[in-house]
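Structural overview for review
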Amino acid sequence: MKRALFPGSFDPITLGHFDIIKRGVHLFDEVVVAIGINADKKYMFSVEERQGFIEDAFKDEPKVKVVTYEGLTIDFCKLIDAQFILRGLRNPADFEFEKAIAHTNRKLSKIETVFLLTASKTSYISSSIVRDVIRNSGDYTVLVPESVRVKQKR
């Protein structure tokens, strides 16, 4: 089974994340969306809310699983037998950052990183932009899946 781990904080999931997951489903037998937990980071949404947003968005897609994890991504990949890490790239800065992480992960393990370019219509969206729009009472609904639109808190 070709299993890919798509790690992130997903605070909240955006249409860019949604697109990468939907496209990843066609490449892998299973895509595990892994919400990383970092006790030092302050999140807008609880881990339960973030997990719910993603589960609701993919409720009709059996090849998508949603989990939480702590620690090194490659250690979690080994734990769940994921052979690939799936990452989306929006711009050259993302590439440089992700390339360094991919090289490190490859040095420490045999896990391959697969990069997908984001769709041009979502390449400008980031979770931090969505959070800023929400904090300032802007129309965030064009940036996130329906599952976030329905349950977003103010």
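Where an unreviewed UniProt entry is consulted, the protein chain appears under the name Phosphopantetheine adenylyltransferase, with the organism given as Paucihalobacter ruber. Checking UniProt for the protein chain, the heading Subcellular location (unreviewed entry) contains the comment "Cytoplasm". For the protein chain, the Sequence similarities (unreviewed entry) comment in UniProt is given as "Belongs to the bacterial CoaD family."

This part covers the UniProt feature "site: Transition state stabilizer" (unreviewed entry) in the protein chain. As annotated in UniProt, the feature "site: Transition state stabilizer" (unreviewed entry) corresponds to His17 in the numbering used here. Relative to the assigned elements, histidine 17 resides in helix α1 (residues 15–25). Accessibility expressed as a relative area gives 19% for histidine 17, which makes it buried. Residues within four places of histidine 17 in sequence aside, it is in contact with Phe6, Phe10, Pro12 and Ser127.

Attention now moves to the UniProt feature "domain: Cytidyltransferase-like" (unreviewed entry) in the protein chain. According to UniProt, the feature "domain: Cytidyltransferase-like" (unreviewed entry) maps to residues 5–132 in the numbering used here. Measuring from the first to the last C-alpha atom of residues 5–132 gives 27 Å, for a span that is 41% helix and 23% strand.

Quick look at the pairing of strand β2 (residues 30–36) now. In terms of burial, β2 is largely enclosed, as seven of its seven residues are buried. Side chains Glu30, Val32, Ala34 and Gly36 of β2 all project onto a buried face; the interleaved residues Val31, Val33 and Ile35 project onto the opposite face, where all are buried too. Note that strand β1 (residues 3–8) and β2 share six bridges and pair parallel. Bridging from a neighbouring strand, arginine 3 pairs with glutamate 30 of β2. A crossover links β1 with its parallel partner β2, the connecting element being α1, and its sense is right-handed. Across six bridges, the pairing between β2 and strand β3 (residues 64–69) is parallel. Residue pairing in the sheet places valine 33 in a bridge with valine 66 of β3. Running through helix α2 (residues 47–57), the crossover from β2 to the neighbouring parallel element β3 is right-handed.

Once that is clear, we can look at the packing of aromatic side chains. In total, this model carries six aromatic pairs according to the counting rule given. Over the face of the ring belonging to tyrosine 43 we find arginine 50, whose NZ or CZ atom lies 3.9 Å from the ring centre.

Here the focus is the layout of surface pockets. Roughly 1,100 Å³ of volume is contained in the largest pocket. Pro7, Gly8, Ser9, Arg87 and Glu98 are the residues nearest the centre of the largest pocket, which is lined by 41 residues in total. Of all elements in the fold, only β1, α1, α3 (73–80), β4 (84–89), α4 (92–108) and α5 (127–135) reach the threshold of two or more residues within the lining of the largest pocket. The leading source of residues in the lining of the largest pocket is α4, at eight residues.

Another point: the environment of threonine 122. The residue threonine 122 is located in the loop between β5 (112–117) and α5 in this model. Among the residues examined, threonine 122 registers a relative accessible area of 6% and is labelled buried. Linking threonine 122 and tyrosine 69, residues 53 residues apart in sequence, is a C-alpha distance of 26 Å. Apart from the residues within four sequence positions on either side, threonine 122 is in contact with Leu15 and Gly16.

Quick look at the sheet that holds β2 now. If you trace the five strands from one edge of the open sheet to the other, you get β3-β2-β1-β4-β5, paired in parallel fashion. One side of each edge strand has no neighbouring strand; the edge strands of this open sheet are β3 and β5. The average angle at which neighbouring strand axes cross in this sheet is 30°, direction not considered. Of the strands in this sheet, β1, β2, β3 and β4 are in contact with α3, which crosses β1 at around 145°.

The rules we used
- Residues numbered from 1 in each chain as written.
- Predicted model: local features only at pLDDT ≥ 70, side-chain atom pairs only at ≥ 80, totals over all residues.
- Heavy atoms only, no water.
- UniProt positions renumbered as here; feature names shortened; annotations may be inferred.
- Helix = DSSP H or I, 4+ residues; strand = E, 2+ residues; numbered from the N terminus.
- Buried < 20%, exposed > 50% of the residue type's maximum accessible area, 1.4 Å probe, protein only.
- Contact = heavy atoms within 4.5 Å.
- Pairing = 2+ DSSP bridges.
- Right-handed = clockwise from strand over helix to strand, strands pointing away.
- Phe/Tyr/Trp six-rings, centres within 6.5 Å; stacked < 30°, edge-to-face > 60°.
- Lys NZ or Arg CZ within 6 Å of the ring centre and 35° of its normal.
- 1 Å grid on protein atoms, 1.4 Å probe; cavity = no way out; pocket = protein on both sides within 12 Å on 5 of 7 lines; lining within 4 Å.
- Points joined across faces, edges and corners; volume = space filled by probe spheres on them.
- Axes fitted to C-alpha atoms, helices over the stretch in contact; angles between N-to-C directions.

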